[in-house]
Every structure is written in C-alpha cells, then in structure tokens.
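# Descriptive analysis of the structure
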Amino acid sequence: MTILRSLVCVSLIIHTCYAIAILKDLAGPHGIMIGTAANYYRLSSGEANYTNTCAEQYNVITPENCMKWAATEPQQGKFDYSQGDYLMAYAKKSGQKVRGHNLCWGVYNPDWLTNGKFNASQLESLLTNHIANVAGHYKGQLYSWDVVNEAVSDNPTSSNFLKTNVWYPTLPNYIDVAFKAAAQADPTAKLFYNDYSGEWLNAKSDAIYNLIKGMKDRGVKIDGVGLQCHFALKYGIPNFTSIA
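The residue count restarts for each chain, going from 1 along the sequence in the order it is written. Since the coordinates come from a predicted model, pLDDT governs what is reported: local features require at least 70, and pairs of side-chain atoms require 80 or more to be given and counted, while whole-chain, interface and lining totals use all residues. Excluded from the side-chain calculation are hydrogens and water; included are all heavy atoms of the structure.

On to the sheet that holds strand 1 (residues 35-38), then. In space, the six strands of this open sheet follow the order 1-2-3-4-5-6, with parallel pairing throughout. Looking at which strands have only one partner, the edges of the open sheet turn out to be strand 1 and strand 6 (224-227). Within the sheet, the average angular offset between the axes of one strand and its neighbour, ignoring direction, is 30°. In this fold helix 10 (residues 203-217) packs onto strand 5 (190-195) and strand 6, with an angle of close to 155° to the strand it touches most, strand 5. Any two strands with at least two DSSP-identified bridges between them are counted as paired. Elements are defined by DSSP. Helices are runs of H or I of four residues or more, strands are runs of E of two residues or more, and each kind is numbered from the N terminus. Each axis is a line fitted through C-alpha atoms, and for a helix only the stretch in contact is used; angles between axes span 0 to 180 degrees, taken between their N-to-C directions. Residue contacts are counted whenever heavy atoms from the two residues lie within 4.5 Å of one another.

Structure below.
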C-alpha cells in the first residue's frame, strides 16, 4: 500500500509539472520568444494533439512550407495564399507571431522556375515581382521574413562562397535584389538571412559573416541572421568556446 501511494504521489507530481511547464510562459519573463515550425497539413487536418500543442507551448510559429515559392506561386504570375492565410488565421487565433519563411531559396521551387532557363534580367524581374506580391500580401502582419535561405556553400572559398542554384551565378547579386524587394514590400518586418552550420567558427560562418558585412557596407537592409542549429549527437559534442 505504501508503495502504491508513493507511485500515485509521484504520478501526480509529474502530471502537475507537465501541466504547468508551458514553454512560452517560462521564456516570456526573460524576453525570449519560443517557437516551432508549423505544418499546414497537420494544422488543417484537425490533428488535435499537434494543433493544441503548437498553440499552447509557442508564441511564435514559422510556416514549414506553405509560404515558399512552390506553394505561393505554383504557376508563373498566379499566386495562391490559401495555405499561408490559413496559418496566419491560426496564429492570430492563438495569439502568436509569425516568421515568414521564405522568399528566396535554391530549392522547393515550382518546376516552371527551376526549369525555365531564364536569363539574369528575367530572374531579377521574377524575383522582385514574387517578393512584391507575397511580402506585400502579408504586409504589416509578420514579425519577420527569412528573405534568403541557405545560399552559402557548405565548402566556401574566398573566391566563390555561394551555392549554384536557379539564381546563382546567373543573377550574381540576387541576395541584394531579394532583400531590397522585401524591404520595399514590407518596411516593418524584420529581414533575416537564414542558414545552417554557421553556429560555430568555421569556413561557412566566416562566409556568412562576409556576406552580411558586404550587404551592410552596400546599404542593404538586413536585421539579423537565422541559425538553424541542426544539432545531433551523431555530429559530436560541440565545442562551446567556438560559438560564432
């Protein structure tokens, strides 16, 4: 009986701890927003545990895929905001801020863009028009945008540190073009460059630093860098003295 009572007490204590351990409430007093990537299909399908946990635990969400090119401009010049609007309505109902993700990337693009074989002038026009429409559609509603995503090479050199993709090298200044278009389309949103493997001092973090420094020197508005933090035990224990 004593053992049973002890187990019941332990169970009640654990249940109580989990019940009050709301991440956004723990982070809030320290001025920290805590968020998660949000999947449109899981939210819209009525998956209760997923939907409720996202609303309960986080005060900021990032759309996983529904604001990327393939979702928002599936056909050239024809825009679809249905998935993004659903997520925005969910966030508003849940009292959450939204980080837009993303306006320019080398992947997750529609086939018409990937296989279009556009020249530099055409790419600049397409990029500017896309950002004007998408960022303009959500103007004043978002906390921030990941304007350009994962542009820096995993093995950068001093002479070439950007990945080859639909934008580069055909349009070598595409990152500046994207940020200028985003600043014009939504002047109040914070604008971020987003990437992985730049958390520690290495060749890639140096390349990201040089990219951002160059943009700042050229007067391009950029408010921050998103570090994706793809941490896993299989990569080894990080050396915290080398944080970039």
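Continuing now.
The contact between helix 8 (residues 120-137) and helix 9 (residues 174-185) brings their axes to 9 Å, and the two run at 30°. Overall, the two elements helix 8 and helix 9 adopt an arrangement that is roughly parallel. When the axes of helix 8 and helix 9 are compared, the crossing they make is right-handed. Mapping the contact onto sequence places Glu124, Leu127, Thr128, Ile131, Ala132, Ala135 and Gly136 in helix 8 and Tyr174, Val177, Ala178, Ala181, Ala182 and Ala185 in helix 9. Each angle is binned into one of four classes, with values under 35 degrees roughly parallel, values over 145 roughly antiparallel, values of 65 to 115 roughly perpendicular, and all other values oblique. Note on convention: the crossing is left-handed when the near helix lies turned anticlockwise from the far helix by less than a right angle, right-handed when the turn is clockwise.

With that out of the way, let us pick up the packing of aromatic side chains. Pairing of aromatic rings covers Phe, Tyr and Trp, the last counted by its six-membered ring, and requires centre-to-centre distances within 6.5 Å; plane angles under 30 degrees mean stacked, over 60 mean edge-to-face, and any other angle means tilted. Counted under the stated rule, the structure contains eight aromatic pairs. Geometrically, the ring pair formed by Trp112 and Phe118 is edge-to-face, given 6.2 Å between the ring centres and 80° between the ring planes. Type-normalised accessible area, obtained with a 1.4 Å probe on protein chains alone, sets the label of each residue: buried when under 20%, exposed when over 50%, and partly exposed for intermediate values. Overall, the relative accessible area of 18% leaves Trp112 in the buried class. The rings of Trp69, Trp112, Phe118, Trp167 and Tyr174 are connected pair by pair, giving a single aromatic cluster.

This paragraph deals with the pattern of salt bridges. Every case where a carboxyl oxygen of Asp or Glu lies within 4 Å of a side-chain nitrogen of Lys or Arg is listed as a salt bridge. Scanning all chains against the criterion turns up seven salt bridges. Across the pair Glu47 and Arg42 runs a salt bridge, and its minimum N-O distance is 2.6 Å. With a relative accessible area of 35%, Arg42 lands in the partly exposed category. Put simply, Arg218 and Asp176 hold a salt bridge, and the shortest N to O gap is 2.7 Å. Taken together, the positions of Arg218 in the loop between helix 10 and strand 6 and Asp176 in helix 9 put the pair 42 residues apart, joining distant regions of the chain. Classification of Asp176 by relative accessible area gives buried; the value is 10%. Within this structure, Asp154, Asp195 and Lys204 form a network of salt bridges that share partners.

For the rest of this paragraph, the subject is the side chain of Gln96. Within the fold, Gln96 resides in the loop between helix 6 (82-94) and strand 3 (97-105). Among the residues examined, Gln96 registers a relative accessible area of 9% and is labelled buried. Polar contacts, as used here, are pairs of N or O atoms within 3.5 Å; protein pairs need one atom able to donate a hydrogen and one able to accept it. Residues neighboring in sequence count only if both atoms are side-chain atoms. In terms of polar contacts, Gln96 uses its side chain to reach the backbone carbonyl oxygen of Tyr58, at 2.9 Å. Setting aside chain neighbours within four positions, we find Gln96 in contact with Cys54, Ala55, Tyr58, Asn59, Val60, Ile61, Tyr90 and Ala91.

Side-chain atoms within 4.5 Å are what join buried Ala, Val, Leu, Ile, Met, Phe, Trp, Tyr and Cys residues into a set we call a nonpolar core. Of all hydrophobic cores here, the largest spans 56 residues; its most connected members are Trp145, Val148, Tyr174, Phe179 and Tyr193. With eight residues, helix 9 is the single largest residue contributor to this core.

Known as pLDDT, the predictor's per-residue confidence is scaled from 0 to 100. Looking at the protein chain as a whole, the pLDDT averages 91, with 90% of positions reaching at least 70. Across residues 1-18, where pLDDT falls below 50, the model places zero contacts with residues more than four positions away in sequence or in other chains.

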